[in-house]
Amino acid sequence: MAGDMPRLSLIVPAFQEADGLAASLRTIREAARSTELSFQLIVVDDGSTDGTWAALQTLAGEIAELIAIRLSRNFGKEAAICAGLDRAVGEACIVIDADLQHPPRLIPEMVQRWQSEGWDVVEAVKLSRGREPKWQRWMTRGFYRSAAWLTGDNLQDASDFKLLDRRVVDEWRRFGERATFFRGLVAWLGFRRTQVFFEVAPRQAGRSRWSMGTLSALAVRAVTSFSALPLQMVSLLGVATLLLAAVLGAQAIRLWVEGEALPGFTTVILLQLIIGGFLMVSLGIIGTYLARIYDEVKARPRYIVREALTARTAERAPALGRAAEIDEGRL
Ligand code: UDP
Ligand code: MG
């Protein structure tokens, strides 16, 4: 391997981050420099429609370690992380948010844990969740509780701020699924994992892009990719309903034999409602998994790269305002 390969890859997903990006990347670069390892700074512009890409084009002149990748549209943070990891060449990769909510000052400590203590995965864990709307805190707590119950893995306070050894990244890249859930899959991979802790700072600029809808979608993805328990619960519900039906049916027959038929009208209505309810919930759960399977079977790429930019190509083609297309293999 060439001696000038960067030893560390920093991966920064960025969506509508034009306002704070320059400051964030400078801070992240400073932190990376203090590790005294050579590094590359891979920023994935996840289809931003504000000035994020323009900011990256400017920054390419200033930050020699910068590699900017622009996705063809917004594919979501999970896909952006995949795009970054696919192009990282470092012996260790660090995934970090673009809004400084993941403190870059932890980078040297994470690197040290990896380098001197030999950990394969160093995870940054939230000590407090920072300022979050109440509904969000309430939802995330509920989500992690049920996820822990369903999948047997406690991801509460886990974040996507992680250092992964090359071996872990290589295994990660073997995952075939289209819809990934970074936090969960890294836990699933195993290896030797350790943790560092941080307080979530308030966002520096811009605003969080998560809405109730995108968060719920991530929650459904997390559960369906790790557990088939909801599907099994459908069968359990079915058995329970059948037992109930047997008891009520026996009672109805007894009443009929004793010549006291007809008062069971309430029961009939109740049964209709209960069974109808169970059926619809069950169909919904099956549908959710079916949709997941349909998505995976299509095996579409996780993301599409529109263009890429490095400090070098920015120099070569400054007037174009758009870097020369770089074939993916070399980045
Ligand atoms: N992000 C992304 N694609 C998206 C949404 C977010 O790449 O569709 C990036 C975003 O730029 C940031 C990180 O993912 O670097 C975390 O996003 P955000 O700060 O909005 O989420 P929160 O901090 O509330 O979890
Ligand atoms: Mg954030």
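Quick note: structure is the one above.
Small disclaimer: the values here were computed from a predicted structure and weren't measured.

J.: Got a minute to help me understand the overall build of the protein chain in this structure?
T.: Each helix and strand in the protein chain was counted, giving eleven helices and eight strands. Burial analysis of the protein chain (331 residues in total) assigns 45% to the buried set. Carbon and sulfur atoms make up 59% of the accessible area of the protein chain, which totals about 17,400 Å².

J.: Would you mind showing me how to read a positive patch on the surface here?
T.: Taken together, K134, R137, R141 and R145 make up a surface patch of like positive charges. Relative to the assigned elements, R145 resides in helix α5 (residues 134–151).

J.: Sorry, what's going on with the packing of aromatic side chains here?
T.: How two aromatic rings sit relative to each other is given by the distance of their centres and the angle of their planes. Within the structure shown, the criterion is met by four aromatic pairs. Relative to F198, the ring of F161 has its centre 6.1 Å away and its plane inclined at 75 degrees; by these criteria the two rings are edge-to-face. Residue F161 is found in strand β6 (residues 158–165), and its partner F198 is found in strand β7 (residues 193–199); the two are separated by 37 residues along the sequence. With relative accessibility at 2%, the residue F198 sits in the buried group. Here the aromatic rings of W172 and F175 are separated by 5.7 Å at their centres, their planes lie at 85 degrees, and the arrangement is edge-to-face. Taking the relative accessible area as the measure of exposure, W172 reaches 1% and is therefore buried. Over the ring of F75 we find R73; its NZ or CZ atom is 3.9 Å from the centre of that ring. Taking the ring centre of W119 as reference, the NZ or CZ of R192 above it sits at 4.4 Å.

J.: In this structure, what is going on with the nonpolar core? I would like to understand it.
T.: A general trend in soluble globular proteins is that nonpolar side chains are found buried together. Core analysis: the biggest nonpolar cluster contains 37 residues, and L25, L41, L66, I107 and F161 have the highest contact counts within it. Broken down by element, this core gets its largest block of residues, five residues, from helix α1 (residues 18–33). If near-sequence neighbours (up to four positions away) are discounted, L41 is found in contact with L10, V12, L25, I28, I63, E65, L66 and I67. Counting residues in each nonpolar core, the second largest holds 28 residues, with I42, F75, I81 and C82 among its members.

J.: Hey, could you run me through the pairing of strand β3 (residues 66–71) in this one?
T.: Sheet faces and side chains relate simply in a regular strand, where the side chains alternate between the two faces. Across the six residues of β3, six count as buried, placing the element largely inside the fold. By the alternation rule, side chains of β3 split into L66, A68 and R70 and I67, I69 and L71, which are all buried. As paired elements, strand β2 (residues 39–45) and β3 share five bridges and run parallel to each other. Bridging from a neighbouring strand, V44 pairs with I69 of β3.

J.: Teacher, can you tell me more about unusual backbone geometry here?
T.: Negative phi characterises most residues that are not glycine, and trans characterises most peptide bonds. Phi angles above zero are rare outside glycine, and L100 is one such case at about 65 degrees. Among the structural elements, L100 can be located in the loop between β4 (92–95) and α4 (107–115). Judged by its relative accessible area of 17%, L100 is buried. Of note, the phi angle at F191 is positive, near 70 degrees, even though the residue is not glycine. Examined against the element boundaries, F191 turns out to sit in the loop between α7 (182–189) and β7.

J.: Would you take a moment to explain a nonpolar patch on the surface for this structure?
T.: A contiguous nonpolar patch, built from L244, I269, L270, L273, I274, I275, F278 and L279 and spanning about 690 Å² of accessible area, is present on the exposed surface. Counting residues per element, the nonpolar patch draws most heavily on helix α10 (residues 265–298), which supplies seven residues. Note that I269 resides in helix α10. Classification of I269 by relative accessible area gives partly exposed; the value is 42%.

J.: So what exactly am I meant to see when it comes to helix α2 (residues 52–60) here?
T.: An α-helical turn contains 3.6 residues, so a residue and the one three or four places further along point in the same direction. Turning to α2, its buried residues number three or more, namely T52, W53, A55, L56, L59 and A60. End-on, the buried residues of α2 take up no more than an arc of 155 degrees, which puts them together on one face.

J.: I tried to follow helix α8 (residues 212–226) on my own but got confused; where do I start?
T.: An ideal rise of 1.5 Å per residue puts 21 Å on 15 residues; α8 measures up with 21 Å between its terminal C-alpha atoms. Buried residues of α8: L215, L218, A219, A222, V223, T224 and S225, and no others.

J.: Help me understand the environment of T288 in this model?
T.: Structurally, T288 is set in helix α10. Sequence separation between T288 and L231 is 57 residues; the distance between their C-alpha atoms is 9.7 Å. Residues within four places of T288 in sequence aside, it is in contact with V220 and T224.

Parameters and conventions
Counting of residues starts from 1 at the beginning of each chain's written sequence and follows it residue by residue. Just so you know, chain letters begin at A and ligand numbers begin at 1, following the order they were written in. Per-residue local features of the predicted model are confined to residues with pLDDT of at least 70, and side-chain atom pairs are confined, for both listing and counting, to 80 or more; whole-chain, interface and lining totals are unaffected and use all residues. Hydrogens are left out, water is left out, and the side-chain values use all remaining heavy atoms of the structure. Per the convention used, a helix needs a DSSP run of H or I reaching at least four residues, while a strand needs a run of E reaching at least two, with both numbered from the N terminus. Partly exposed describes any residue whose relative accessible area lies between the buried limit of under 20% and the exposed limit of over 50%, with all areas from a 1.4 Å probe on protein chains only and scaled to the type maximum. Residue exposure ignores everything except the shown protein chains as possible cover, and the areas themselves are Shrake-Rupley values with a 1.4 Å probe. By definition, no residue in a patch forms a salt bridge, and every one has over 30% relative accessible area; like charges are joined within 9 Å, nonpolar side chains (Val, Leu, Ile, Met, Phe, Trp, Tyr) within 5 Å. Whenever a carboxyl oxygen of Asp or Glu lies within 4 Å of a side-chain nitrogen of Lys or Arg, that contact is scored as a salt bridge. Counting rule for charge: Lys and Arg are taken as positive, Asp and Glu as negative, and neither His nor the chain ends is counted. Where a charge lies is defined by one atom per residue type: Lys uses NZ, Arg uses CZ, Asp uses CG and Glu uses CD. Each pair of aromatic rings taken from Phe, Tyr and Trp, with Trp reduced to its six-membered ring, is defined by centres within 6.5 Å and is described as stacked if the planes are under 30 degrees apart, edge-to-face if over 60, and tilted in the remaining cases. Comment: the charge-over-ring label is applied if NZ (Lys) or CZ (Arg) is within 6 Å of the ring centre and within 35 degrees of the ring normal. Side-chain atoms within 4.5 Å are what join buried Ala, Val, Leu, Ile, Met, Phe, Trp, Tyr and Cys residues into a set we call a nonpolar core. Working rule for contacts: check all heavy atoms of both residues, and any pair within 4.5 Å makes them a contact. Any two strands are treated as partners once DSSP identifies two or more bridges connecting them. For this quantity, the arc is that covered by the directions from the helix axis to the C-beta atoms. Multiplying 1.5 Å by the residue count of a helix minus one yields the expected span of that helix.

Everything listed here is a matter of geometry and, on its own, says nothing about what the molecule does.
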